[in-house]
Amino acid sequence: KDKRITGKKTVEEVVNEIVGKPTMWLVLFFMVVMSYGYSVDSLTYLTVFAGVVQYNKWECISPKCNELLASSSNKEDFYSRKTLCDSNLKMDVDFVFTNDNRTSFAVEWGLFCDGEAKMSFLSSIIFAGAYVGFLLASPLFDTLGRKKVTIASALLTLVTTIACGFSPNYYMMDVLRFLCGLGK
């Protein structure tokens, strides 16, 4: 049949009408949209690289810690996670980390020894946010439209990712990571 009579177009014709020739802006938009999906990997690995606690790089600053060092049979094994966590030593009171002036939020917020579970939670909370976001996405797409919701979720992820870098404490980081997952 003649397409002019039926008024129906093929999918290829509709796409060509909307997109037309590929432009630089279209290619750039496609690259941004494609890279957006891969940003969750970098957020997941945040706690791997920025949350490192080097248990072998610390030194005593209190008499209590120095007494433990003097009574230790093996000086090399003394500077370990076991000594640090099992002796109830307190950071900035009994010992300090000596990481060549490098720091991590895990050290700054005391997420070592008993706080290591908080690091795992911080790594996982983004997936909880993503789960809630996936549940909300379909109804929001239907009521507000796909374009608006997609742009809003991309902006939410962008803003919360940047805000994570300036997070003042562990609890704020939890909230920001959840919101970041929500935007996924």
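Attention here is on the structure that accompanies the text. Note on numbering: residues in each chain are counted from 1, in written sequence order. In keeping with the model being predicted, local features are shown solely for residues with a pLDDT of at least 70 and side-chain atom pairs are shown and tallied solely at 80 or more, while totals for entire chains, interfaces and linings include all residues. The basis for every side-chain value is the complete set of non-hydrogen atoms in the structure, without hydrogens or water.

1. Description of the overall build of the chain
Rules: Secondary structure is summarised from DSSP: a helix means a run of H or I of at least four residues, a strand means a run of E of at least two, and numbering begins at the N terminus for each. The classification of residues rests on relative accessible area computed with a 1.4 Å probe and restricted to protein chains. Under 20% of the type maximum is buried, over 50% is exposed, and intermediate values are partly exposed. For this analysis, residues touch if any pair of their heavy atoms sits within 4.5 Å. Residue exposure ignores everything except the shown protein chains as possible cover, and the areas themselves are Shrake-Rupley values with a 1.4 Å probe.
From N to C terminus, the chain includes 11 helices and 2 strands. Expressed as a percentage of its 184 residues, the buried residues of the chain come to 29%. Taking the intrachain contacts of the chain between residues at least 6 apart in sequence as the baseline, contacts between residues at least 24 apart amount to 69%. On the chain, roughly 12,800 Å² of surface is accessible, and the fraction owed to carbon and sulfur atoms is 65%.

2. Focus on the nonpolar core
For clarity, the cut-off: Definition of nonpolar core: a set of buried residues of the types Ala, Val, Leu, Ile, Met, Phe, Trp, Tyr and Cys, connected through side-chain atoms within 4.5 Å.
Core analysis: the biggest nonpolar cluster contains 14 residues, and Trp58, Leu84, Phe95 and Phe97 have the highest contact counts within it. Among residues more than four places away in sequence, those in contact with Phe95 are Trp58, Glu59, Cys60, Ile61, Leu84, Leu89, Lys90 and Phe112. Within the second largest apolar cluster, 9 residues are counted, among which are Phe105, Leu111, Leu122 and Tyr170.

3. Digging into the state of the cysteines
Here is the rule we go by: Only a pair of cysteine sulfur atoms within 2.5 Å counts as a disulfide in this structure description.
What the rule picks out here adds up to 1 disulfide. The disulfide partner of Cys60 is Cys65, and the S-S distance across this bridge is 2.0 Å. Disulfide Cys60 to Cys65: torsion about the S-S bond roughly -50 degrees, handedness left-handed. On the basis of relative accessibility, which here comes to 13%, the residue Cys60 falls in the buried class. Relative accessible area serves as the criterion here: at 0%, Cys65 is assigned to the buried category. Here Cys164 is not disulfide-linked; the sulfur of Cys180 is the nearest cysteine sulfur, at 6.0 Å. Residue class for Cys164 comes out buried when judged on its relative accessible area of 10%.

4. As for helix 10 (residues 146-164)
Along an α-helix, residues three or four apart share an orientation, since each turn contains 3.6 residues. Selection rule: Helix span is expected to be 1.5 Å times the residue number reduced by one. Comment: arc refers to directions from the helix axis out to C-beta atoms.
Helix length check: helix 10, at 19 residues, gives a terminal C-alpha distance of 27 Å against a target of 27 Å (1.5 Å per residue), a fit within 8%. Of all the positions in helix 10, only Val149, Ser153, Thr157, Thr160 and Cys164 are classed as buried. All buried residues of helix 10 fall inside an arc of 80 degrees around its axis, so they share one side. When the buried face of helix 10 is taken as reference, the exposed residues oriented beyond 90 degrees from it are Lys147, Lys148 and Val159.

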